[in-house]
Amino acid sequence: PVLLGCGSAQPGGCPALCECSEPAKTVKCVNRNLTAVPPDLPPYVRSLFITGNPLTHLPAGAFPAQRLPDLASLNLSGNHLRTVEAGALALPALRQLDLSGNALASFSPQALGEAGSPLEELALRGALRDHGVLLSLAALLQSGSLRNLSRLELADNGLLLLPAGMFAALPALRQLDLSNNSLVGLRNVSFQGLGQLQSLNLSDNSLGVLWNSTLAQFRSLPALRHIVLAHNTWVCDCAIEDLVAWLKESDQVEDKEALTCASPDKMLGKALLKINSSDLNCSVPIDLPSQLQTSYVFLGIVLALIGAIFLLVLYLNRKGIKKWMHNIRDACRDHMEGYHYRYEINADPRLTNLSSNSDV
């Protein structure tokens, strides 16, 4: 323990199973089989590494703000964290937080406190496999308590879609990493208000096209100069024309020369920058909703015309129809009178006896 720099829990000392450097204001508790946060962390610590441990739970007050007033960088990556309770990370000087590589199952939107946090960098690589945790994170980001956040890393999480308005309350955000997920579209994602955004990584996803609404948002962000789109499943049909046009005119995409078609087969491997309108055969715009709307209107007109013709035929033949209806009425009346006569015979015992005698 002496060689490792570990000592007792005296002020300024080093917790057991940790390595401390007071001049560097750093404490490292790496791969030490810790199941809880050491309670005797030195108050001078500014950079704390608790990684590679079987740590599963961060309760409220896991890092006491009174004892750790200067803790600015906290790395909790590669543990077995499942639960992060409200107030567990409420530190007044915290600027950097890394929770990557943890299989989070519960993450309180108040984990960083209720009064806001000075946090500037948040890394959650591979920590958002649970959809409920993603929603909790979205609630935290939308609450406005992380208005100083400048870097957000959400890579390697298998994300299909992002909650609407997830980034709406992050005016200081400069770097956003969404790489190596399974994003299939960005239509519900708003980048409005991210006036400071400089870098956006969307590589290694399942994007087939970027629609005009998304491209318009990219154009409106003056600081956005580094967009990465490599290794997506671009579908090179008529819907990709706007994306191709934007790539040719914009200098925001740093890897645009490497973007290629993933489908259809006839376009497989073709560079997006080399696509022309003749390659897509889009001389006649394909707008399925408009076609359906036109079809419904035409069907309504045809049905109205048939109805009008039917009414006209009825009007022209009103006398014949009236005579026909009278004939049906007379036939029904005669038929009913016959039934009534038979009923009277069957109901009168004298007539019944007479009928029997006549049979004899």
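Residues numbered from 1 in each chain as written. Predicted model: local features only at pLDDT ≥ 70, side-chain atom pairs only at ≥ 80, totals over all residues. Heavy atoms only, no water.

### As for the packing of helix H2 (residues 212-220) against helix H3 (residues 241-249)
No. 1: Two elements in contact, H2 and H3, have axes whose closest approach is 10 Å; the angle formed by their N-to-C orientations is 20°. Comparing the axis directions of H2 and H3 gives the class roughly parallel. Both H2 and H3 take part in a crossing whose hand is left-handed. Residues Asn 212, Leu 215, Phe 218 and Arg 219 of H2 form the contact with H3, whose participating residues are Asp 242, Leu 243, Trp 246 and Glu 249.
No. 2: A class-by-class count of the residues in the contact of H2 with H3 yields four nonpolar, one polar and three charged. (Axes fitted to C-alpha atoms, helices over the stretch in contact; angles between N-to-C directions. Helix = DSSP H or I, 4+ residues; strand = E, 2+ residues; numbered from the N terminus. Parallel < 35°, antiparallel > 145°, perpendicular 65-115°, else oblique. Left-handed = near helix turned anticlockwise from the far one by under 90°. Contact = heavy atoms within 4.5 Å. Nonpolar A, V, L, I, M, F, W, Y, C, P; charged D, E, K, R; others polar.)

### Description of H3
No. 1: Along H3, the residues that are buried comprise Leu 243, Val 244, Trp 246 and Leu 247. End-on view of H3: buried residues confined to an arc of 165°, all on one side of the axis.
No. 2: Tucked inside the fold, the buried residues of H3 contact H2, strand E13 (226-228) and strand E14 (234-235). (Buried < 20%, exposed > 50% of the residue type's maximum accessible area, 1.4 Å probe, protein only. Arc of directions from axis to C-beta.)

### Quick look at the pairing of strand E3 (residues 47-51)
No. 1: In this structure, strand E2 (residues 26-30) lies alongside E3, joined through five bridges in parallel fashion. Bridge pairing in E3 links Val 27 to Leu 48.
No. 2: As paired strands, E3 and strand E5 (residues 73-75) are joined by three bridges and run parallel to one another. Across the sheet, the residue bridging to Ser 47 is Ser 73, located in E5. (Pairing = 2+ DSSP bridges.)

On their own, these measurements won't tell you what the molecule is for.
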